[in-house]
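Given next are the chains, with one letter for each unit.
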Amino acid sequence: MAFTPLKSLQNSVGRVLLALALPLVAGAAFAQAWPAKPITLIVPFPPGGPTDVATRIVAQKMAIALKQPVLIDNRSGASGTLGAAIAAKAAPDGYTFVMLATPTLLAGHLYGPTSYDIFKNFTPVGTVYDLPIVLVVNPKVLPDVAGLQQLIAKAKTENGQRNYTTAGVGSFGHLTTEQLKNIGKFDMQHVPYRGSAPAVTDLIGGQVPVMFSDLVAVIPHIRSGTLRPIAVGSATRVSLLPDVKTVAEQGFPGFDATSWGGMLAPAGTPKAVIERMSGELKAALADRQVAEKLEDVGSFAAYRTPEQTAERMHQDHKRWGKVIRDNHITNQ
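A. Spotlight on the overall build of the chain. A tally of helices and strands in the chain yields 11 helices and 10 strands. On the principal axes, the C-alpha backbone points of the chain span a range of 100 × 40 × 35 Å. Within the chain, buried positions represent 47% of all 332 residues. Considering only contacts within the chain whose residues lie at least 6 apart along the sequence, 77% involve residues at least 24 apart. In the structure as shown, the chain presents an accessible area of about 15,600 Å², 57% of it carried by carbon and sulfur atoms. Considering the chain, the positive charge centre built from 31 side chains and the negative charge centre built from 24 side chains are found 4 Å apart.

So, in structure tokens, the structure goes:
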């Protein structure tokens, strides 16, 4: 029997609707079956660092909900770009993710073009933690410096001869100090180290008595009294150091410098997997024990949606990129 025009139209519409529905059905089925095997989470930094420690705390909780192991794969080097490059080339099948930290986000500004595009080759899953940064001094070398303005006044009288240290050229502590120097109109000389541990060792020894450091690296020495905190870079005070004023409170309104970490997936990872992974991340960070464990090591649970994480990536890339260019900072 021949099709009438109406029946032909109905069949055409039906085929179109079926074609549109199939990806949704397939995606839902994939999400229900996923994960069917262990998940690899690449940490592009060494074991024991702030990104690694925070990642392990959260991954352990997520593994319980996902009912599959979340395996940490440390691939360190070049401010996280080596590990990120490996993740960018991974199959977008929902079984490989990577942790993004601020140094990796800014690596293109410091090292030149990378083998991947941090915005095009990855899809954000969510923000995991905020890592406060704190300005500390050696109280034996600088006994009269108890606040930021005292340090600035001393630096000005020393005509830029005072040294400060950081975990390395282009580290977040380096960028934050340079921005503070710009707006505070004072100078200090940068003495970079290869990582936080050797920098803190010489900070305690008095060789370089000033450092803007992530809280993780210095909190034990602050608690012991070996180091004195004089300012935190975040917009609000840090619960672990409630009596330490922010930079903004000490004469620089609007100042806000916070390092952070987020989870990314290779571009092309199914949307259903991104949504599930982001949901499990949110639930893990909302867990009281997880939040307390993160705080114990100096970082703070700070979930943001994939969309909010993408916006934060763009904002920080632009803001700190300008600081890098304005101060001619390079690691090439």
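B. Highlighting the packing of helix α2 (residues 50–66) against helix α10 (residues 288–296). Where α2 meets α10, the closest approach of the two axes is 10 Å, and the angle between their N-to-C directions is 170 degrees. In terms of orientation, α2 lies roughly antiparallel with respect to α10. For the pair formed by α2 and α10, the contact residues are Ala54, Ile57, Val58, Gln60 and Lys61 on the first element and Val290, Lys293 and Leu294 on the second.

C. Region of the structure containing helix α8 (residues 215–224). By the burial criterion, the buried members of α8 are Leu215, Val218, Ile219 and Ile222. Looking straight down α8, one finds its buried side chains confined to an arc of 130 degrees; they lie on one side. Looking at the buried side of α8, the elements it contacts are β4 (122–137), α7 (196–205), β7 (210–214), β8 (228–232) and β10 (300–304). Immediately downstream of α8, the backbone of Gly225 shows phi near 90 degrees, a positive value.

D. Region of interest: the nonpolar core. Within the largest apolar cluster, 42 residues are counted, with the highest numbers of intra-cluster contacts made by Ile118, Phe122, Leu135, Leu148, Leu180, Val210 and Val247. Filtering out sequence-adjacent residues up to four positions away, Phe122 remains in contact with Ala84, Ala87, Ala88, Val98, Tyr116, Asp117, Leu264, Ala265, Pro266 and Ala267. Among the nonpolar cores identified, the runner-up in size contains 31 residues, and Ala63, Phe97, Val125 and Leu285 belong to it.

E. Inspection of the side chain of Thr176 at higher detail. Following the sequence through the fold, Thr176 ends up in helix α6 (residues 172–184). Apart from the residues within four sequence positions on either side, Thr176 is in contact with Ile133, Phe212, Phe255, Ala257 and Trp320.

F. Representation of the environment of Ala291 within the structure. Relative to the assigned elements, Ala291 resides in helix α10. When the C-alpha atoms of Ala291 and Ala153 are compared, they prove to be 38 Å apart, with 138 residues separating the residues in sequence.

G. Region of interest: the pairing of strand β5 (residues 163–166). Direction of pairing for β5 relative to strand β6 (residues 189–192): parallel, over a ladder of 4 bridges. Pairing of Thr166 across the sheet is with Pro192, part of β6.

H. Structural view of the pairing of strand β2 (residues 70–74). As paired strands, strand β1 (residues 39–43) and β2 are joined by 5 bridges and run parallel to one another. Residue Ile39 lies in a different strand from β2, and its bridge partner there is Val70. In this view, the connection linking β1 to its parallel neighbour β2 by way of α2 has right-handed handedness.

I. Structural context of the pattern of salt bridges. Applying the stated criterion across every chain yields a total of 11 salt bridges. The partner of Asp287 in a salt bridge is Lys61, with the nearest N and O atoms 3.4 Å apart. With Asp287 in the loop between α9 (271–286) and α10 and Lys61 in helix α2, the pair connects residues that are 226 residues apart, well separated along the chain. Here Asp326 makes a salt bridge to Lys322, at a shortest N to O gap of 2.6 Å. Of this pair, Asp326 and Lys322 both sit in helix α11 (residues 306–326), 4 residues apart, roughly one helical turn. The structure contains a network of salt bridges with shared partners spanning Glu178, Lys181 and Asp187.

J. Representation of the packing of aromatic side chains. Counted by the stated rule, this structure contains 3 aromatic pairs. On the numbers, 6.5 Å between centres and 55 degrees between planes, the contact of Trp34 with Tyr95 is tilted. Here Trp34 is found in the loop between α1 (5–33) and β1, whereas its partner Tyr95 is found in the loop between α3 (81–89) and β3 (96–101), with 61 residues between them in sequence. With respect to burial, Trp34 and Tyr95 carry one shared label: buried.

Procedures and definitions
- Residues numbered from 1 in each chain as written.
- Predicted model: local features only at pLDDT ≥ 70, side-chain atom pairs only at ≥ 80, totals over all residues.
- Heavy atoms only, no water.
- Helix = DSSP H or I, 4+ residues; strand = E, 2+ residues; numbered from the N terminus.
- Buried < 20%, exposed > 50% of the residue type's maximum accessible area, 1.4 Å probe, protein only.
- Contact = heavy atoms within 4.5 Å.
- Areas by Shrake-Rupley, 256 points an atom, 1.4 Å probe, with all protein chains shown as cover.
- Lys, Arg positive; Asp, Glu negative; His and termini not counted.
- Charge placed at Lys NZ, Arg CZ, Asp CG, Glu CD.
- Axes fitted to C-alpha atoms, helices over the stretch in contact; angles between N-to-C directions.
- Parallel < 35°, antiparallel > 145°, perpendicular 65-115°, else oblique.
- Arc of directions from axis to C-beta.
- Core = buried A, V, L, I, M, F, W, Y, C linked by side-chain atoms within 4.5 Å.
- Pairing = 2+ DSSP bridges.
- Right-handed = clockwise from strand over helix to strand, strands pointing away.
- Salt bridge = Lys/Arg side-chain N within 4 Å of Asp/Glu carboxyl O.
- Phe/Tyr/Trp six-rings, centres within 6.5 Å; stacked < 30°, edge-to-face > 60°.

This is a description of form; function is not addressed.
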